[in-house]
Amino acid sequence: MLAGTQRALLRRLAVDQSENRVPSIVAAVVRDGAPVWIGARGRVDGAEPTADTQYRIGSITKTFVAALIMRLRDEGRLDLNDPLDRFVPGTPAGASTIAQLLSHTAGLTAESPGEWWERTPGVPADELISLLGKQSMPHRAGRRFHYSNLGFGLLGEVIARNRGMSWMEAAEAEILRPLGMGRTTFLAQAPHAQGYAVHPWADVLLPEPSHDGGAMAPAGQLWSTATDLARWAAFLGGDTGEVLHPDTVAEMREPAIVDDADEWRGGHGLGLQLMRHKGRRVAGHTGSMPGFLATVWVDPKDGTGVLFLANTTAGGGYNLLADYFDIMAEREPRLPATWTPLAQSEVDSELLALTGQWYWGPSAYALRLRQGGLLDLTPLNGRGRASRFRRDENGAWIGLDGYYAGEELRIVRGADGSVSHLDLNTFIFTRTPYDPNAAVPGGVDADGWRGL
């Protein structure tokens, strides 16, 4: 990274720490799966914090819980459309699905019953469930986005009952150890920051309590470091190791619900928060607990992630990360990947014969063969439905994105073995506009094209 970029990042951090009166803060920028800059301001135990100093990460914990749920899904142990009752019976949200719990659309209240769980010791899962009643479901399941810490407490119990161990034990075995995140823990381990509230009218501090959240711990219990959170940013961007398939993490980043109906700026996927910023679509999560703030965002399109951890109850960090994306875009713009031809093993003469111009009715499309053996179908005028297709284990071409995501592209051949047309879930693509020799729905007028 250029020295000028490092100076700009550090100055932005220094301004945030000073103006918001943050006792200490650590921030990092990740590129291509590794931290390229880490900066710190303030003091922890009399010294500047480091990339190894632990902070509570609050609701970023939910992203780990979501990854554990998706592992269960990928193993076939649950379906995202399964009702909660299948795994944790006896709650008012029993008919809500696992997917709705992940996307905060299950209808559950935001907080657990009793005293505010973030500042008081937690209770076991069975006791928490016994306290739930009709008041815990203020909304019909699926009606709207309503952020629910309680929902993730229940997802933690889904994990525990599937794995026969606590959600945290599962996280350690299935995520933290495989990814080398040895400084992400359930309770604080030295060196770690003390959480503080900063007085609104005086430069004095009040220590905040820290405790075991019990059944609510999956909503915000974890402690972590800048180094470990940088690895997690890389994971959320697609560098998943053996923990999850990159396609599963991409599914987690897809918008399941948005906060506004016109041009959305924020939304939620499966356990991940989503944000639009100056043309970017970033995914990650914010986190707050009494005495701590943290956030991690990643732009998977260009492989850039940003994060911070701070020991203050309120007041710092959030706009910092948007500015970090801007600094990187201005000072360290990504170079386009070097184009290289396909490897000989990827060249298939039958696929090559399919490439070129196709028509859906009168609309012209181009079919291209891309790296990784993908087929790319794109409207030539830039308007219309584009999608990429990958061959699955059965040899079928399945859409990866856009309108045709999950749909099959069938290559239809005539009696002589030559390709007649493409059938994309009843949409027929032909080599000429409305080819009369292809199975165009509704048929083609016998007199063909004509003037008016």
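Shown above is the structure to which this text applies.
Reading guide: rules and limits
- Residues numbered from 1 in each chain as written.
- Predicted model: local features only at pLDDT ≥ 70, side-chain atom pairs only at ≥ 80, totals over all residues.
- Heavy atoms only, no water.
- Helix = DSSP H or I, 4+ residues; strand = E, 2+ residues; numbered from the N terminus.
- Buried < 20%, exposed > 50% of the residue type's maximum accessible area, 1.4 Å probe, protein only.
- Salt bridge = Lys/Arg side-chain N within 4 Å of Asp/Glu carboxyl O.
- Axes fitted to C-alpha atoms, helices over the stretch in contact; angles between N-to-C directions.
- Parallel < 35°, antiparallel > 145°, perpendicular 65-115°, else oblique.
- Left-handed = near helix turned anticlockwise from the far one by under 90°.
- Contact = heavy atoms within 4.5 Å.
- Nonpolar A, V, L, I, M, F, W, Y, C, P; charged D, E, K, R; others polar.

Student: Describe unusual backbone geometry, listing the residues and the values that go with them.
Tutor: Pro191 follows Ala190 through a cis peptide bond whose omega is -5°. Along the chain, Pro191 falls in the loop between α6 (167-179) and β4 (196-198). The residue Arg21 is not glycine, and still its phi comes out positive at about 55°. Within the secondary structure, Arg21 sits in the loop between α1 (3-19) and β1 (24-31). Residue class for Arg21 comes out partly exposed when judged on its relative accessible area of 29%. Positive phi, close to 45°, is recorded for Tyr434, a residue that is not glycine. Structurally, the position occupied by Tyr434 is in the segment after β20 (427-430).

Student: Describe the pattern of salt bridges, and please don't skip the residues or the numbers.
Tutor: Going through the model one piece at a time under the given rule, you end up with 25 salt bridges. Close ionic contact of Asp52 with Arg183 constitutes a salt bridge, the shortest N to O distance being 3.1 Å. Here Arg183 lies in the loop between α6 and β4 and Asp52 lies in the loop between β2 (34-42) and β3 (55-56), a separation of 131 residues in the sequence. According to the relative accessible area criterion, Asp52 is partly exposed, its value standing at 35%.

Student: I'd like to hear about the packing of α1 against helix α9 (residues 318-331), residue by residue, with values.
Tutor: Put simply, α1 and α9 touch, their axes get as near as 10 Å, and they point 165° apart. If you check the angle between α1 and α9, you find them roughly antiparallel. The hand of the α1/α9 crossing is right-handed. Residue-level contacts link Gly4, Thr5, Ala8, Leu9, Arg12, Leu13 and Asp16 of α1 to Asn319, Leu320, Asp323, Tyr324, Ile327, Met328 and Arg331 of α9. Counted by class, the contact of α1 with α9 contains seven nonpolar, three polar and four charged residues.

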